[in-house]
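Breakdown of the fold
Residues per chain, in single letters:
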Amino acid sequence: MSNNIKFLQGNEACAEGALYAGLDFFSGYPITPSTEIAEHLSINLPKVGGKYLQMEDEIGAMCAIIGASLTGHKVMTATSGPGFSLKQEAIGYAVMAEIPCVVVNVQRGGPSTGNPTHVSQGDVNQARWGTHGDHSIITLTASNHQDVFAMTVEAFNLAETYRTPVILLFDEVVGHMREKLVMPEQDEIPLVGRLRTDCKEGVDYHPYLPREDGRLPMSDFGGSHRYNVTGLYHDMWGFPTDKPEAVRELCRHLVDKIENNVHSITRFKEYYLDDARTIFISYGSAARPTLHMVESRRRRGERLGLLELQTLWPFPAGLIREKCADARYIVVVEMNMGQIVREVKMAVKSPENVFLANRIDGELITPVDIRKFLRIIQGKGA
Amino acid sequence: MEDKNYIRERFFPHIWCPGCGHGIVLNNLLRAIEQLKLKKNEIVMTSGIGCSSRISGYVDFHTLHTIHGRALAFATGVKLSRPELKLIVPMGDGDALAIGGNHFIHAARRNIDITAIIMNNRIYGMTGGQFSPLSGYGTRATTAPYTNIDHDFDVVELAKAAGASFVARTTTYHVKEMADILKQAILHKGFSAVEVMSQCPTYFGRKNRLGDAVDMMEHYKNSTVRVGSKKIEKNPDLIERGVFVEKESPEYCSEYDKIIQKAMGTSA
């Protein structure tokens with residue numbers, strides 16, 4: 001066991017998780033604070049016969065992984081705010097063409113060049129709505145390296161299951177912090193492989209005809225089935241169409257395949273919710289000081305609890321409603337101007353009980369900060 | 001000629017206007033592929049957005065119709081992940097050299113084994129006739145109503161400077177030459193860039209009073225010469241056609257295989 005303990009950065013934990021999940025093609029472009037993912041993979045991918053491709057820009061890196069996914073590979077790119085903006089059109093392409101891929105965004109301060117070496121959680125809504133057009137998307141996050149590893153593996157599994165891009169939304173603190181990672185044993189975490197068609201050569205294969213269970217088996221480029229892939233609305237052959245019924249059906253399919261499976265996609269952790277009168281909801285690095293504060297105040301008898309979200313999108317509104325049903329106060333701790341708090345307000349019965357505790361200056365929010373917010377919310381003064 | 005075998009008839013008729021040069025390019029590309037006896041399953045055609053990019057839908061290969069300007073980036077991912085596949089990337093001049101200019105020069109620099117075909121009709125046709133980076137100074141377009149003050153550049157010179165190991169130019173008039181050049185380009189190991197001057201009578205021709213498709217093709221006949229021709233000394237305005245660069249140069253995917261060997265500790 002001790003041989004499997006590593007002391008590393010969150011970015012490296014992500015790269016290790018990706019390798020565990022079977023990543024064999026990565027394409028990226030240098031950007032702070034995600035660069036270590038590319039560096040780690042440029043060293044370790046070729047050791048297992050995989051490919052590391054440094055493209056001329058962020059857009060090209062996103063496009064290249066889509067191309068490599070179509071030949072049957074597990075693919076990933078990693079970036080940060082400005083690069084995530086640049087990738088949005090191609091992310092939309094992967095949504096429309098239903099290409100499994102994983103996109104890591106290690107968040108830094110924005111907008112624009114912003115605060116490159118400092119933490120932020122300002123891209124939560126961009127992960128959901130960054131590309132144009134109606135669609136749905138899966139976004140996962142994590143607050144510690146063990147979970148970064150696990151969520152990265154999950155991201156690959158969900159990308160294959162739902163034939164969709166999955167966003168891994170980490171942040172600068174988690175990405176650059178060093179802590180322990182216990183490497184899971186082989187087979188300890190189940191892996192989802194590519195679902196390939198069993199259509200024989202010469203039999204018509206429809207790349208965009210869902211099976212009864214909603215999944216769409218794929219066929220690798222270079223294999224025996226030749227078909228068209230496009231970012232236009234398309235029919236079951238993958239050929240462009242603007243027929244209203246085909247457009248409506250595909251749009252619904254792209255949204256429903258994710259929104260109808262919120263329950264299966266939702267990952268979360270809960271701490272002390274059983275008796276909590278005040279429930280904190282947090283995610284990513286902000287969940288760490290929140291948990292610290294919750295535990296230290298519980299020792300003084302305060303009935304506080306924490307719901308840590310790991311799936312941000314599709315938003316687990318049902319989970320929030322259920323867990324927060326008896327809470328007097330619901331406090332969302334996040335490092336932005338209030339992106340998840342809006343979703344929480346829409347999810348719960350009494351939105352007037354929902355408050356935001358945030359920090360937006362590039363520094364990690366502290367237990368003292370959160371405690372101050374709580375005192376104000378409780379009417380006890382700062 | 002068994003062109004029909006390579007065509008997805010189900011998806012016809014095509015979108016191109018009467019007189020468009022792109023059909024001639026498609027015809028000669030399929031001719032080249034047939035003469036090379038390539039298997040359909042080993043060809044991946046990747047394209048971006050524009051009239052020319054619709055070629056990919058019409059042919060019975062693995063086809064990837066992507067986003068504007070990025071076809072070469074997608075193709076790079078396909079090629080590096082499965083180097084045994086043949087990558088053919090038809091692009092328009094705007095697609096390849098305006099929005100996609102960066103990918104073009106870097107694919108050339110990397111010398112990855114992809115065949116890029118730039119179907120240069122000097123206009124954005126699909127959106128209705130706006131000037132492109134190759135329209136040239138003094139031309140007219142729907143967005144250059146008072147004439148165009150943007151200078152064009154020479155695709156061949158750009159590709160050469162960027163490091164492409166095969167560079168050629170031909171026109172839709174010179175069909176035999178086009179098929180031969182495309183064959184050479186596909187066979188070449190490394191990045192090959194082929195500019196095909198292709199007429200757009202609907203927009204570029206009409207806006208610039210160049211006559212119909214036949215007139216425009218006749219102009220290709222009269223305004224171009226084979227590379228190295230003496231005629232160009234008397235008339236420097238003539239445009240050269242033919243193969244400008246064909247050199248052996250380390251190919252990206254082969255080089256990456258060496259990286260894998262180094263990383264695995266199995267290289268000599």
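Cut-offs applied
- Residues numbered from 1 in each chain as written.
- Chains lettered and ligands numbered in written order.
- Predicted model: local features only at pLDDT ≥ 70, side-chain atom pairs only at ≥ 80, totals over all residues.
- Heavy atoms only, no water.
- Helix = DSSP H or I, 4+ residues; strand = E, 2+ residues; numbered from the N terminus.
- Buried < 20%, exposed > 50% of the residue type's maximum accessible area, 1.4 Å probe, protein only.
- Contact = heavy atoms within 4.5 Å.
- Polar contact = N/O pair within 3.5 Å; in protein donor to acceptor, adjacent residues only side chain to side chain.
- Patch = residues over 30% accessible without salt bridge, like charges linked within 9 Å, V, L, I, M, F, W, Y side chains within 5 Å.
- Areas by Shrake-Rupley, 256 points an atom, 1.4 Å probe, with all protein chains shown as cover.
- Salt bridge = Lys/Arg side-chain N within 4 Å of Asp/Glu carboxyl O.
- Pairing = 2+ DSSP bridges.
- Buried area = accessible area lost by both parts, 1.4 Å probe.
- Axes fitted to C-alpha atoms, helices over the stretch in contact; angles between N-to-C directions.
- Left-handed = near helix turned anticlockwise from the far one by under 90°.
- Nonpolar A, V, L, I, M, F, W, Y, C, P; charged D, E, K, R; others polar.
- Lys, Arg positive; Asp, Glu negative; His and termini not counted.
- Charge placed at Lys NZ, Arg CZ, Asp CG, Glu CD.
- Phe/Tyr/Trp six-rings, centres within 6.5 Å; stacked < 30°, edge-to-face > 60°.
- Arc of directions from axis to C-beta.
- Domains from an automatic or database assignment.

**Topic: the overall build of chain A**
- Across its full length, chain A holds 13 helices and 15 strands.
- On the principal axes, the C-alpha backbone points of chain A span a range of 75 × 50 × 40 Å.
- The burial tally for chain A puts 61% of its 382 residues in the buried class.
- A separation of at least 24 residues holds for 75% of the contacts in chain A among residues at least 6 apart in sequence.

**A look at the side chain of serine 120 of chain A**
All names here are of chain A.
- In this structure, serine 120 sits in the loop between strand 5 (101-107) and helix 5 (124-129).
- For serine 120, a relative accessible area of 10% gives the class buried.
- From its side chain, serine 120 meets the backbone nitrogen of glycine 122 in a polar contact 2.9 Å long.

**Structural notes on a nonpolar patch on the surface**
- Where nonpolar side chains cluster on the molecular surface, the patch consists of Ile15, Ile49 and Met126 of chain B and spans about 220 Å² of accessible area.
- Tracing the chain through its elements places isoleucine 49 of chain B in the loop between strand 1 (43-47) and helix 2 (55-58).

**Overview of the pairing of strand 11 (residues 278-282) of chain A**
Residues and elements named next belong to chain A.
- With five of its five residues buried, strand 11 lies for the most part within the structure.
- Burial along strand 11 is two-sided: Thr278, Phe280 and Ser282 facing one way and Ile279 and Ile281 facing the other are all buried.
- Pairing geometry for strand 11 and strand 12 (residues 304-309), over five bridges, is parallel. Residue pairing for strand 12: serine 282 is matched across the bridge by glutamate 308.

**Considerations on the interface of chain B and chain A**
- Contacts between the two partners involve 40 residues from chain B and, on the opposite side, 42 residues from chain A.
- Approximately 3,400 Å² of surface area, both sides summed, lies buried where chain B meets chain A, with 61% of it carried by carbon and sulfur atoms.
- At the junction of chain B and chain A, the tally comes to two salt bridges.
- The partner of arginine 110 of chain B in a salt bridge is glutamate 56 of chain A, with the nearest N and O atoms 2.5 Å apart.
- Where chain B packs against chain A, one counts 20 residue pairs in polar contact (both at pLDDT 80 or more).
- Secondary structure elements with two or more residues in the side of chain B that touches chain A: helix 2, strand 2 (62-65), helix 3 (71-81), helix 5 (101-110) and helix 11 (252-264) of chain B.
- Counting residues per element, the side of chain B that touches chain A draws most heavily on helix 3 of chain B, at seven residues.
- Pairing geometry for strand 9 (residues 228-230) of chain A and strand 2 of chain B, over three bridges, is parallel.

**Observations concerning the packing of helix 1 (residues 10-21) of chain A against helix 6 (residues 145-162) of chain A**
Residue and element names in this part refer to chain A.
- One can describe the packing of helix 1 onto helix 6 by two numbers: an axis separation of 8 Å at closest approach and a directional angle of 40°. Here helix 1 and helix 6 pass one another in a crossing that is right-handed. Here helix 1 contributes Gly10, Ala13, Cys14, Glu16, Gly17, Ala18, Tyr20 and Ala21 to the contact with helix 6, which in turn contributes His145, Val148, Phe149, Thr152, Val153 and Phe156.
- For the contact of helix 1 with helix 6, the residue count by class is nine nonpolar, four polar and one charged.

**A look at a positive patch on the surface**
Residue and element names in this part refer to chain B.
- A cluster of basic residues, Arg140, Arg206, Lys207 and Arg209, forms a positive patch on the protein surface.
- On the secondary structure map, arginine 140 appears in the loop between strand 6 (130-131) and helix 6 (155-162).
- By relative accessible area, arginine 140 is classed as partly exposed at 38%.

**With respect to the packing of helix 3 of chain B against helix 5 of chain B**
Residues and elements named next belong to chain B.
- Relative to each other, helix 3 and helix 5 sit at 35°, their axes nearing to 8 Å. You can see that helix 3 and helix 5 cross each other, and the crossing is left-handed. Contact with helix 3, carried on its side by Leu72, Ala73 and Thr76, involves His103, Phe104, Ala107 and Arg110 of helix 5 and no other residues of that element.
- The residue makeup of the contact of helix 3 with helix 5, split by class, is four nonpolar, two polar and one charged.

**Notes on the packing of aromatic side chains**
All names here are of chain B.
- Evaluated as defined, the whole model comprises twelve aromatic pairs over all chains.
- Where tryptophan 16 meets tyrosine 58, the ring centres are 5.5 Å apart and the plane angle is 85°; that geometry is what we call edge-to-face. Residue tryptophan 16 is found in the segment before helix 1 (22-35), and its partner tyrosine 58 is found in helix 2; the two are separated by 42 residues along the sequence. In this structure, tryptophan 16 and tyrosine 58 share a single accessibility class: buried.

**Brief notes about the sheet that holds strand 1 of chain B**
- Spatial strand order, 9(A)-2(B)-1(B)-3(B)-4(B)-8(B)-7(B)-10(B)-9(B): nine strands in an open sheet with mixed pairing. Each end of this open sheet is capped by a strand with a single partner; those strands are strand 9 of chain A together with strand 9 (224-226) of chain B. Neighbouring strand axes in the sheet, compared pairwise and without regard to direction, differ in orientation by 20° on average.
- As paired strands, strand 7 (residues 166-171) of chain B and strand 8 (residues 192-197) of chain B are joined by six bridges and run parallel to one another. Residue pairing in the sheet places valine 167 of chain B in a bridge with alanine 193 of chain B of strand 8 of chain B.
- In the packing of helix 1 of chain B onto the sheet, contacts are made with strand 1, strand 3 (86-92), strand 4 (114-120) and strand 8 of chain B, and the angle to strand 4 of chain B comes to roughly 155°.

**Some words on helix 9 (residues 213-223) of chain B**
All names here are of chain B.
- Listing the buried residues of helix 9 in full gives Ala213, Met216, Met217, Tyr220 and Ser223. What you see down the axis of helix 9 is that its buried residues fit within an arc of 135°, all on one side. In this structure, helix 9 carries Val214 and Asn222 as exposed residues pointing more than 90 degrees from its buried face.
- Where helix 9 begins, the capping side chain belongs to aspartate 212, and its oxygen is found 3.2 Å from the backbone nitrogen of valine 214.

**Details of the domain arrangement of chain A**
Residue and element names in this part refer to chain A.
- Partitioning chain A into domains gives domain 1 (1-265) and domain 2 (268-377).
- Each of domain 1 and domain 2 has a C-alpha centre, and these two points are 28 Å apart.
- Ranking the residues of domain 1 by area buried against domain 2 places Gln121, Val124 and Thr141 at the top, with a combined share of 28%.
- Scanning the region where domain 1 abuts domain 2 turns up two salt bridges.
- Of all elements in the fold, only helix 5, strand 6 (138-140), helix 6, strand 7 (165-171), helix 7 (172-176), helix 8 (244-259) and helix 9 (262-265) reach the threshold of two or more residues within the side of domain 1 that touches domain 2.
- Looking at the side of domain 1 that touches domain 2 element by element, the count peaks at four residues for helix 5.
- Looking at side-chain class alone, the side of domain 1 that touches domain 2 contains 15 nonpolar, ten polar and six charged residues.

**Digging into the pattern of salt bridges**
Residues and elements named next belong to chain B.
- One pass over the full model with this rule turns up 30 salt bridges over all chains.
- Ionic pairing is found between aspartate 113 and lysine 79, a salt bridge with its closest N-O pair at 3.7 Å. Taken together, the residues span a long stretch of sequence, with aspartate 113 in the loop between helix 5 and strand 4 and lysine 79 in helix 3 at a distance of 34 residues.
- Of the residues examined, aspartate 113 reaches a relative accessible area of 13% and is grouped as buried.
- Overall, lysine 79 belongs to the buried group, its relative accessible area being 4%.
- Its salt-bridge partner being arginine 169, residue glutamate 195 comes within 2.8 Å of it at the nearest N-O pair.

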